[in-house]
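If you want the building blocks of each chain, they are given just below.
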Amino acid sequence: MRRSPPGAKGYIGASLPRPNAPRLLAGRGRYVDDCVLPRMVHAACLRSPYAHARILGIDKVLAEHAEGVLCVLTGHDMARLCTPYIGVLGHVKGMQSAPQMPLAVDRARWQGEPVALVVATSRAEAEDALALIQVEWEELQAVTDFDAATAHDGYLIHPQLGSNLCAERVVEAGDVDAAFARAAHIVEATFHTGRHTAVALEPRSIIAQFDPADDQLTVWHSTQAPHMMQWLIARHFNLAEHRVRVIVPDVGGGFGLKIHTYGDEMATIAASIVLRRPVKFIADRLESFVSDFHARGHRVEARMALSEDGEILAIAADDIYGIGPYSGYPRGGANEGIQVVNLIGAPYRQRNYRGRMRCVFQNKAMYGQYRAVGHPIACMTTEALLEMGAAAAGVDPVEIRRRNYISRSAYPYTLTTGPTFERLSQHEALDAIVAMMDYDALRREQAELRTRGIYRGIGLASFVESSSSSSANFGAGNVSIGSQDGCTIRLTATGQVTVLTSTTEIGQGAYAVVAQIAATQLGLHPEQVKVVMGDTDATPYGGGNTGSRGTGISGEAVFQAGKALRANILSYVARLTESEASLLDVRDGNVVESNTGKTIMSFEEVARTAYFRSDTTKDFQPELMVTRHFAQKSYVATFTNGIQASYLEVDTDTGIVRLLKHWVVDDCGTVVNPLLVDEQIRGAVIQGIGAALYEECLYSAEGQLLNGSMQDYLVPMSFEMPDIDVGHTCTPTSASELGAKGAGEAGTTGAAAAVLNAVNDALRPLASAVYQIPLTPERVLRALGKV
C-alpha cells in the first residue's frame, strides 16, 4: 500500500482504505462457519410450526437412534442445564416479562420458537433426525394484533402477568390542550411502519467448545458484544466468568441483530457442555426469518398544532407496537418505543408535548434493537406532520424547518422528554443540503413536469441521532452491558505498535479507525499498527460495537491510550538522554527534537533499550504498554444531527416509486475517516429505503409468517438505488478529547421519512397521501383511489 502523508492532525481526518479490505476481497475472510475444530459436530433445531401451542409430549427416541446422532435436547433437558432469563430494565417503571428458556418448555409461543436441538456428526444428519421427532401439539389462540393484545378481556399470552403489556411510558409537558385550542392549523395522521428484520449477509453463527480438563468454555461467535455474551453465558450456565472465552472472528454484518440472546445458540452451548466436544450451529436463511429478532412494526397516532405562520405549538403522539411473547434479553423490548416517545419533535423547539408509548406482547417472532432503534419512527412522525403543517400554513418545507429549529444560542438544550442536546448544527446542515441539491432548481423542474402529467416529489427530513450512550441506558436498569470501552497499546521490540481494543469489527471499518487514531497519537503510519479485537481473553472489558458508540467511546479509549504511551516514550527517552520530555516529539516512528526534527532514537531503539537493557536506567522503570478506558458520562447520549432529502417520481398508473437522487448532510463531530463515514451513511440510507419501499414481515391472523424467504421478503437491490450524495457539518462533542460522535445509524434514521415526504409531495396535486410504510405500489394506488 502506498503510504499517504499525515495531515495536520495526523491520520485523523484522512480517507484511507480499510486495511483488512484486501484480505476480505481475496476471499480470505474467516467467519464462524469457516472454523473447523477437531471432533466438531453439528446442531440443527426443531421449531414450532404454530404461533401458540401447548406441547403435550415429545418423543425423541427415533431421532436419538438415527445415524450420526449424538444427542437430542428438549426444553426439559435445558431446564437442568441453563437458568431462565428475563429481559426487563429495572429503571423502566412497571416493565414486565415472563422467564424464558432457550428451548420451549410445555408451551411454544411463536412460530419458529426452538423446541428441540439435535446434534449429529453432520448438519445433514442432524436435519434428517429432526423429521423423526414426534411432537404432540394442542394449538392455542394466537395474539397477533395490537387491539387484541390490549383488549380488556383479551387472551393473555402469560396469564401470570395479568396483561399483555410489557411496558408503558407517558410524557406530559407544558399545556398541550391550550396550545391546540389556540392553534391556527392542526394536522394529524396515523402512521404505520412495517415490522422487518435485519437480513445480515452472514447469518447467526456459533461454535461452542467445552473442555472438561480445565473447565473452560470457548465460544466462537458472530456477535457485536463479546464481553456481554461472556457474562451472560457464565451466569446462565453457572460457570466462572474467567472460564468463558468468547472469540469473534470476521462478522458479516450486525445491525443490532447480533446483540441479543438466542435460544438455539444457548442450546448449542448446552450441547457442548453435555458432549464435551465442539458443537457448531449456523442458522440457515429460512429459519432466520422466524428466529432472528424483528423490529419496527409501530402504529403512531399523532397530531401537531401550528400557528398561522407555521410555528410548532404542540405535539401529541400515541405509539403502540408489538414485540414477541417475551421481552428480548438482556436489552429488553421497550427501548424502541422509549426512543420514539422521547424523540418525536426532537429537532425543533417546542415545549408542549404529550406522548405515550405501549409495548405489548404478541405471538410473533422475538423483537429487539435494530439499526437506529426507534429513531426512524420518531423522525417519520415528526417530519411528515411538519410537511403537512407547511402545506396547511402555505410555508415552504425548507422555510418551516428554519423557523422551528432550536436557536443557536439555546444550547445545551434539554428536551421535554429528558435528553439533552449539547450542540447541534441544524441551520448549517439545512443551508448545506439546499445548496447541494439546488433546491430551487428542482422545484422549478418539478412544476414544469407536472404540467406534462409527470409527478415528482421532493422530501426533506431533519433528524437527530443518539450515540455513545452513558450507563443511563442499561447500567441504571441493572443490566450488565458495558458503557465503557478499553484499549491496551504496547510498543513491540521492533518499534511497531499492537492495539488491543474492546470494540468489534462488524463490517463498518472499526479496524481502520482504531489504527488511524493510534497512528496519529504515536507518529506512525497506520500500516505500523496491528489491531487485535474480538477476544475476551485478550482485550480490555467493553461494551462492543452497538448504538453508534464505536468511534465515540472506543475511539476515545484508543486516543487516551495512545496519548499515554506517547508520554511514556518521551519521558523514558528524556531520562536516557538527560533531556526534557517537553522538548521531544514522535514522528515517523522516531523520537525527535520538537524544534529541529532531529532524530534522537528510533522506536525500535527505545523498545530494545527498555526491554533488553534495563540496566541503563536503574532508578526508572519504563512502561511501554498502557491501558486506558473511557465511558461517556457528560450526557445520557451524545446527539448527532443532520438532514436528508429525496427526489423521486411516482407512476400514478402503476403505483411504482422510482428513486432519482438522495442527499444527506450529517454532523458526527470529528470525522476520523471520511471515506468510511460516507460508506456507513450510504449503507444506512439504503437500509432506510428498504423500510420505506420494500421490507415488511407479513403475518396471518394465526401468527404465521407469510413471506419468510428471500423470494418473498423484499430487500433493496443495487439497480433500484439512487446516487447518494453525502456532505458534512462538524460540531465536535466536548464529552471527549477526540470529539467524535456516532455515524452508523444517521442514514437509517432519516431516509424513510425523506422518501415518505417525497412520495406525498408528488401526490399532493392529486389530493392523496400515504402514511404507511413500506410504500408499496398497492398502497400508493389505494391512496389514489385506483384499487
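Residues numbered from 1 in each chain as written. Predicted model: local features only at pLDDT ≥ 70, side-chain atom pairs only at ≥ 80, totals over all residues. Heavy atoms only, no water.

Quick look at the overall build of the protein
And step 1. Broken down by element type, the protein carries 20 helices and 31 strands.
And step 2. The C-alpha radius of gyration of the protein comes to 28 Å, within 12% of the 28 Å expected for a compact globule of 787 residues.
And step 3. Projected onto its principal axes, the C-alpha positions of the protein cover 85 × 70 × 45 Å.
And step 4. In the protein, which comprises 787 residues, the share counted as buried stands at 63%.
And step 5. Long-range contacts, defined here as pairs at least 24 residues apart, represent 79% of the contacts in the protein between residues at least 6 apart.
And step 6. For the protein, the exposed area adds up to about 28,900 Å²; of that, 49% sits on carbon and sulfur atoms.
And step 7. Counting 70 positive and 86 negative side-chain charges, the protein places the averaged centre of each group 4 Å from the other. (Helix = DSSP H or I, 4+ residues; strand = E, 2+ residues; numbered from the N terminus. Rg over C-alpha atoms; globule rule 2.2 N^0.38 Å. Buried < 20%, exposed > 50% of the residue type's maximum accessible area, 1.4 Å probe, protein only. Contact = heavy atoms within 4.5 Å. Areas by Shrake-Rupley, 256 points an atom, 1.4 Å probe, with all protein chains shown as cover. Lys, Arg positive; Asp, Glu negative; His and termini not counted. Charge placed at Lys NZ, Arg CZ, Asp CG, Glu CD.)

What to know about the sheet that holds strand β6 (residues 134-139)
Think of a sheet as strands paired side by side through backbone hydrogen bonds, with each pair either parallel or antiparallel.
And step 1. Pairing is antiparallel across the open sheet formed by three strands, whose spatial order is β4-β2-β6. With partners counted over all chains shown, the strands left at the sheet margins are β4 (107-108) and β6, one partner each.
And step 2. Two strands pair when backbone bridges link them, and strand β2 (residues 53-59) and β4 are joined in this way by two bridges, in the antiparallel orientation. Pairing of Ala53 across the sheet is with Ala108, part of β4. (Pairing = 2+ DSSP bridges.)

A look at the packing of helix α15 (residues 510-522) against helix α16 (residues 550-577)
And step 1. Packing of α15 against α16 brings their axes to within 8 Å, and their N-to-C directions diverge by 25°. Of the possible angle classes, the one that applies to α15 and α16 is roughly parallel. Note on packing geometry: the crossing formed by α15 with α16 is right-handed. The segment α15 lies against α16, with Val513, Val514, Ile517, Ala518, Thr520, Gln521 and Leu522 engaging Thr551, Gly555, Val558, Phe559, Gly562, Lys563, Leu565, Arg566 and Ile569.
And step 2. Among the residues making up the contact of α15 with α16, the classes are represented as nine nonpolar, five polar and two charged. (Axes fitted to C-alpha atoms, helices over the stretch in contact; angles between N-to-C directions. Parallel < 35°, antiparallel > 145°, perpendicular 65-115°, else oblique. Left-handed = near helix turned anticlockwise from the far one by under 90°. Nonpolar A, V, L, I, M, F, W, Y, C, P; charged D, E, K, R; others polar.)

Here's the deal with the side chain of Arg371
And step 1. Mapped onto the elements of the fold, Arg371 is located in the loop between β17 (353-360) and α11 (375-393).
And step 2. Buried Arg371, no salt bridge; nearest opposite-charge side chain is Glu745, N-O distance 6.2 Å.
And step 3. A polar side-chain atom of Arg371 sits 2.7 Å from the main-chain carbonyl oxygen of Gly744.
And step 4. If near-sequence neighbours (up to four positions away) are discounted, Arg371 is found in contact with Phe255, Arg296, Gln680, Gly683, Ala684, Gln687, Gly744, Glu745 and Thr748. (Salt bridge = Lys/Arg side-chain N within 4 Å of Asp/Glu carboxyl O. Polar contact = N/O pair within 3.5 Å; in protein donor to acceptor, adjacent residues only side chain to side chain.)

Observations concerning the pattern of salt bridges
And step 1. Within the structure shown, the criterion is met by 48 salt bridges.
And step 2. Across the salt bridge formed by Arg354 and Glu172, the nearest N and O atoms sit 2.9 Å from each other. One end of the pair, Arg354, is in strand β17; the other, Glu172, is in strand β7 (residues 165-173), with 182 residues separating them in the sequence.
And step 3. You can call Arg354 partly exposed: its relative accessible area is 29%.
And step 4. Arg549 is the salt-bridge partner of Asp485, the closest N and O atoms lying 2.4 Å from each other. With a gap of 64 residues between them, Asp485 in strand β21 (residues 484-491) and Arg549 in the loop between β23 (529-533) and α16 connect regions that are remote in the sequence.

Quick look at the packing of aromatic side chains
And step 1. Following the criterion strictly, the structure yields 10 aromatic pairs and no others.
And step 2. With a centroid separation of 5.6 Å and an interplanar angle of 5°, the aromatic rings of Tyr348 and Tyr405 are classed as stacked. With Tyr348 in the loop between α10 (335-343) and β17 and Tyr405 in the loop between α12 (397-404) and β18 (413-414), this residue pair connects regions lying 57 residues apart in the sequence. Comparing Tyr348 with Tyr405, the two get one shared label, buried.
And step 3. Here the guanidinium or amino end of Arg331 rests over the ring plane of Phe474, the centre of that ring lying 5.2 Å away. (Phe/Tyr/Trp six-rings, centres within 6.5 Å; stacked < 30°, edge-to-face > 60°. Lys NZ or Arg CZ within 6 Å of the ring centre and 35° of its normal.)

Some remarks on the pairing of strand β29 (residues 657-667)
And step 1. In terms of residue burial, β29 counts as a mostly covered element, since eight of its 11 residues are buried.
And step 2. Sheet analysis places strand β28 (residues 638-650) next to β29, joined by 10 bridges and oriented antiparallel. Across the sheet, Ala645 pairs through a bridge with Trp663, a residue of β29.
And step 3. What sits between β28 and β29 in their antiparallel hairpin is a turn of six residues, with Gly655 showing a positive phi close to 80°.
And step 4. As defined by bridge partners, β29 adjoins strand β30 (residues 723-728) across six bridges and the pair is classed as parallel.

Structural notes on the side chain of Thr144
And step 1. As for its position among the elements, Thr144 is in the loop between β6 and α5 (146-150).
And step 2. Residue Thr144 is classed as buried on the basis of its relative accessible area of 12%.
And step 3. A polar atom in the side chain of Thr144 sits 3.0 Å from the backbone oxygen of Ala701.

Some words on unusual backbone geometry
And step 1. Of note, the bond from Tyr329 into Pro330 is cis; its omega dihedral lies within 30 degrees of zero at 0°.
And step 2. Take Pro330: it is sitting in the loop between β16 (312-322) and α10.
And step 3. For Ser468, which is not a glycine, the phi torsion comes out positive at approximately 50°.
And step 4. Note that Ser468 resides in the loop between β20 (455-467) and β21.
And step 5. Unlike most non-glycine residues, Glu578 shows phi in positive territory, near 55°.

Re the sheet that holds strand β1 (residues 41-47)
And step 1. Taken together, seven strands build an open sheet; the order of strands is β3-β5-β1-β13-β10-β11-β12 and the sheet is mixed. Lying at the two open borders of the sheet, with one neighbouring strand each, are β3 (69-74) and β12 (244-247). In this sheet, adjacent strand axes meet at a mean angle of 20° when their direction is disregarded.
And step 2. Pairing of β1 with strand β5 (residues 114-120) involves six bridges; the strand directions are antiparallel. Of the residues in β5, the one forming a bridge with Cys45 is Leu117.
And step 3. Of the strands in this sheet, β1, β3, β5, β10 (205-211), β11 (216-221) and β13 (279-282) are in contact with helix α8 (residues 263-275), which crosses β10 at around 25°.

Topic: helix α18 (residues 674-693)
Because each turn of an α-helix spans 3.6 residues, side chains separated by three or four positions in sequence point in the same direction.
And step 1. Counted at 1.5 Å a residue, the expected span for α18 with its 20 residues is 28 Å, and the 28 Å between its end C-alpha atoms agrees.
And step 2. Most of α18 is tucked away, with 14 of its 20 residues classed as buried. (Expected span 1.5 Å × (residues − 1).)

Overview of the packing of α10 against α11
And step 1. α11 packs onto α10 with a crossing angle of 30° between their chain directions and a minimal axis gap of 8 Å. Considering the angle they form, α10 stands roughly parallel to α11. Handedness of the α10/α11 crossing: right-handed. Contacts between α10 and α11 involve Glu336, Gln339, Val340 and Leu343 from the first element and His375, Ile377, Ala378 and Thr382 from the second.

As for the state of the cysteines
And step 1. If you walk through the whole model with that rule in mind, you get zero disulfides.
And step 2. With no disulfide of its own, Cys71 lies closest to Cys45 among cysteine sulfurs, the gap being 12 Å.
And step 3. A relative accessible area of 11% means that Cys71 is categorised as buried.
And step 4. Cys359 provides the cysteine sulfur closest to Cys166, a residue in no disulfide bond, and the two sulfurs are 4.0 Å apart. (Disulfide = S-S within 2.5 Å.)

Regarding helix α13 (residues 426-437)
And step 1. With 12 residues, α13 should reach 16 Å at 1.5 Å per residue; the first-to-last C-alpha distance of 17 Å fits that figure.
And step 2. Regarding α13, the residues found buried are Gln426, His427, Ala429, Leu430, Ile433 and Met437. For α13, the angular spread of the buried residues around the axis is 165°, confining them to a single face.
And step 3. Those residues of α13 hidden inside the fold are in contact with α12, α14 (439-450), β20, β28 and β29.
And step 4. At the C-terminal side of α13, Asp438 shows a positive phi close to 50°. (Arc of directions from axis to C-beta.)

Focus on the environment of Lys618
And step 1. Mapped onto the fold, Lys618 is located in the loop between α17 (603-612) and β27 (625-631).
And step 2. Exposure remark for Lys618: the relative accessible area of 79% places this residue in the exposed category.
And step 3. Remark: the alpha-carbon pair of Lys618 and Ile58, spanning 560 residues in sequence, is separated by 72 Å.

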